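Structural overview
Here is what each chain is made of, one letter per residue.
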Amino acid sequence: MNKIVTICGSMKFKNMMMNIAKDLEIKNKYVVIQCVYSNDTFTEEEAQILADLHYNKIEISDAIYVVNVNGYIGSSTNKEIEYAKKLGKEVMYLEPIKQ
């Protein structure tokens, strides 16, 4: 079954995100990924626009894929996970969640 999957996680893992996007697409998933920014800086308004857009991506997706390298999940990603769960979206993780 084709699924739309939004990739979530810290931008410090952007290379891993790109590899995961490729792997998911090969498995016939439709991947939605945030633009992979280098060292760009954004105004507060631009940052808010990008954050809102990312939440819109979660809304149109069937699932999110959390890139939690070494178990790391930052505060922004935690909020995205909670939002996805609130919407009833499937939440997948790169690494098992440590209890």
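Residues numbered from 1 in each chain as written. Predicted model: local features only at pLDDT ≥ 70, side-chain atom pairs only at ≥ 80, totals over all residues. Heavy atoms only, no water.

Our focus in this paragraph is the pairing of strand E1 (residues 4-9). Most of E1 is tucked away, with 5 of its 6 residues classed as buried. With helix H1 (residues 14-26) bridging E1 and the parallel strand E2 (residues 30-32), this β-α-β connection has right-handed handedness. Strand direction decides the pairing type here: E1 and strand E3 (residues 63-67), joined by 5 bridges, are parallel. Within the sheet, the bridge partner assigned to threonine 6 lies in E3 and is isoleucine 64. (Buried < 20%, exposed > 50% of the residue type's maximum accessible area, 1.4 Å probe, protein only. Helix = DSSP H or I, 4+ residues; strand = E, 2+ residues; numbered from the N terminus. Right-handed = clockwise from strand over helix to strand, strands pointing away. Pairing = 2+ DSSP bridges.)

Ranked by internal contacts, the top residues of the largest apolar core, which has 13 residues, are Val5, Ile7, Ile20, Leu24, Tyr65 and Val67. Secondary-structure elements contributing two or more residues to this core are E1, H1 and E3. Take this core: its biggest share by element is 4 residues, from H1. Those residues in contact with valine 5 that sit more than four places away from it in its chain are Leu24, Lys29, Tyr30, Val31, Val32, Ser61, Ala63, Ile64, Tyr65 and Met92. Counting residues in each nonpolar core, the second largest holds 7 residues, with Ile64, Ile81, Ala84 and Val91 among its members. (Core = buried A, V, L, I, M, F, W, Y, C linked by side-chain atoms within 4.5 Å. Contact = heavy atoms within 4.5 Å.)

A word on unusual backbone geometry. Even without glycine at this site, asparagine 28 takes up a positive phi of about 70 degrees. Take asparagine 28: it is sitting in the loop between H1 and E2. Positioned with a positive phi, asparagine 70 is a non-glycine residue whose angle comes to about 55 degrees. Turning to its location among the elements, asparagine 70 is positioned in the loop between E3 and helix H3 (75-86).

A pair of packed helices can be characterised by two numbers: the angle between their axes and the separation between those axes. Orientation of helix H2 (residues 44-60) relative to H3, taken along the N-to-C sense of each, is 35 degrees, at an axis distance of 10 Å. By crossing handedness, the relation of H2 to H3 is classed as right-handed. Of the residues in H3, those touching H2 at His54, Tyr55, Ile58 and Glu59 are Ser76, Lys79, Glu80, Tyr83 and Ala84. For the contact of H2 with H3, the residue count by class is 4 nonpolar, 2 polar and 3 charged. (Axes fitted to C-alpha atoms, helices over the stretch in contact; angles between N-to-C directions. Left-handed = near helix turned anticlockwise from the far one by under 90°. Nonpolar A, V, L, I, M, F, W, Y, C, P; charged D, E, K, R; others polar.)

Counting buried positions over the 5 residues of E3 gives 5, a clear majority of the element. Of the two faces of E3, the one lined by Ala63, Tyr65 and Val67 and the one lined by Ile64 and Val66 are each fully buried. Where E3 lies against strand E4 (residues 90-93), 4 bridges are found, and the strand directions are parallel. Bridge pairing in E4 places alanine 63 opposite glutamate 90. The parallel pair E3 and E4 is bridged by H3, and the resulting crossover is right-handed.

Its place among the elements puts isoleucine 81 in helix H3. In this structure isoleucine 81 comes out as buried when scored by relative accessible area, which is 3%. Linking isoleucine 81 and asparagine 19, residues 62 residues apart in sequence, is a C-alpha distance of 21 Å.

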